[in-house]
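Each chain, written out:
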Amino acid sequence: MEVEQLKDLEEDFGLAKRRYAELRRQKRIFNARNRIIGGDTEAWDVQVCDQKIKEATEKARQETFAAEMRQNDKIACISEDRERRDRKNLCKAINDFQQSFQKPESRREFDLSDPLALKKDLPARQSDNDAVSGMQKFMGEDLNFYQRKKFQEEQNRDWSLQQQREWKMARANQKCAEDLYLKTRLQFDETAKHLQNLESTTRKAACTAVKEFNKNQALESAEKKIQEKKQDQEDNLAEISNLLHGDLLSENPQQAASSFGPHRVVPDRWKGMSREQLEHIRLVQKQQVQEKLRLQEEERQRDMDWDRQRVQRARAALLLERQQQCQQRDLRRALDRNHLSLAKEQLSQKKYMKEICTNHLTEDYFAQFNTRSR
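Criteria and cut-off values
- Residues numbered from 1 in each chain as written.
- Predicted model: local features only at pLDDT ≥ 70, side-chain atom pairs only at ≥ 80, totals over all residues.
- Heavy atoms only, no water.
- Helix = DSSP H or I, 4+ residues; strand = E, 2+ residues; numbered from the N terminus.
- Contact = heavy atoms within 4.5 Å.
- Areas by Shrake-Rupley, 256 points an atom, 1.4 Å probe, with all protein chains shown as cover.
- Patch = residues over 30% accessible without salt bridge, like charges linked within 9 Å, V, L, I, M, F, W, Y side chains within 5 Å.
- Salt bridge = Lys/Arg side-chain N within 4 Å of Asp/Glu carboxyl O.
- Lys, Arg positive; Asp, Glu negative; His and termini not counted.
- Charge placed at Lys NZ, Arg CZ, Asp CG, Glu CD.
- Buried < 20%, exposed > 50% of the residue type's maximum accessible area, 1.4 Å probe, protein only.

A. Looking closely at the overall build of the chain. Along the chain, the regular secondary structure elements total six helices and two strands. Taking contacts inside the chain between residues at least 6 apart in sequence as the whole, the part at least 24 apart equals 15%. For the chain, the accessible area works out to roughly 36,100 Å², and carbon and sulfur atoms hold 55% of it.

Right, here's the structure in full:
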């Protein structure tokens, strides 16, 4: 019986420890529910869900297409049955209509093939209104020839008497019309002669009046021209006088005054500024220059004040930042010391737990060894 040494025990202990770690690793790796190494399970789940949704959608679409095809087939069958039934009813209705309203006796050419045509045939001529062919009825061979001839003679006699009456009446009317035309013509001639005399008298009076009117118009025109020429001369003299004594040539500054206020002028009459206005403008310009210099100085002083305040604020901010950095540095150092102490405690605790685990494993191993030895 061989006695195991301490070295063998350490090797067995290391082997058992590695075997235990390998079992845990295999349990962690080969577990299909908890393994996450080598792939994104969430993405795979999403892809699987999308694939299932896509398959369900495709299946629903195929089912919809199948249902639609079945519905279309059913509708086609119903339409075909209805068309066949309608065709059958139409053929039946056509046959009934032909049996009722299109009999052979009612056809136009039935008399050509009628077996009873000779029995139904009538004599060639029964009256004057019969529709017979040629060589069966000639002009003047009608049955009521004598009555028609007598009626025509009486009609001709009546026409002749009526024409005679109309001719006599037309002769009397023509004679009355000629007498009336002659009388009217004489009256027209007398009226035309009287009107001609009146026209000649009126023309003479009109010519005399026109002659007098033209003479008066000529006198008035000559007088008007004389008056216009005199008025033009007076207007020219007045215009020359007004120009010589007016504000335009004399350059009166008051003519540029506007009716909208004393501060406005009429541009086409303005002759320029006066000496007082120019001096006032120069004085105002000097005042504006001084005011601009004063404003620039005030702005420069304000900019200097703003710059000084900005520098002071920057210094205060820099001091505050440095103070915060010092506080953060102290806080970080305190945290580092705290973390270092916690790390030492955890390290000591791990060493203690490792020693306890080693002692327990050694005791278990010796107990098993003693049991085997026994």
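B. Geometry of a nonpolar patch on the surface. Among the surface-exposed residues, Met-273, Leu-278 and Ile-281 lie close enough to one another that they form a single nonpolar patch of about 220 Å² accessible area. Structurally, the position occupied by Ile-281 is in helix α6 (residues 275-373).

C. Structural detail: a positive patch on the surface. A contiguous patch of positive charge, built from Arg-329, Arg-332, Arg-333 and Arg-337, is present on the exposed surface. Within the secondary structure layout, Arg-337 lies in helix α6. With relative accessibility at 56%, the residue Arg-337 sits in the exposed group.

D. Representation of the pattern of salt bridges. Overall, the coordinates contain eleven salt bridges when judged by the stated rule. For the salt bridge of Arg-294 with Glu-291, the shortest nitrogen-to-oxygen distance reads 2.0 Å. Placement of both Arg-294 and Glu-291 in helix α6 is noted, with a separation of three residues, approximately one turn of the helix. Taking the shortest distance from any N to any O, the salt bridge between Arg-300 and Glu-297 comes out at 2.4 Å. Taken together, the residues Arg-300 and Glu-297, both in helix α6 and three residues apart, mark about one turn of the helix. The partly exposed category is assigned to Arg-300, whose relative accessible area is 40%. Salt bridges linked by common partners bring Glu-80, Asp-81 and Arg-84 together as one network.

E. Examining a negative patch on the surface more closely. Residues Glu-228, Asp-232, Glu-234, Asp-235 and Glu-239 make up a contiguous surface patch of negative charge. As for its placement among the helices and strands, Glu-228 is situated in helix α4 (residues 145-245).

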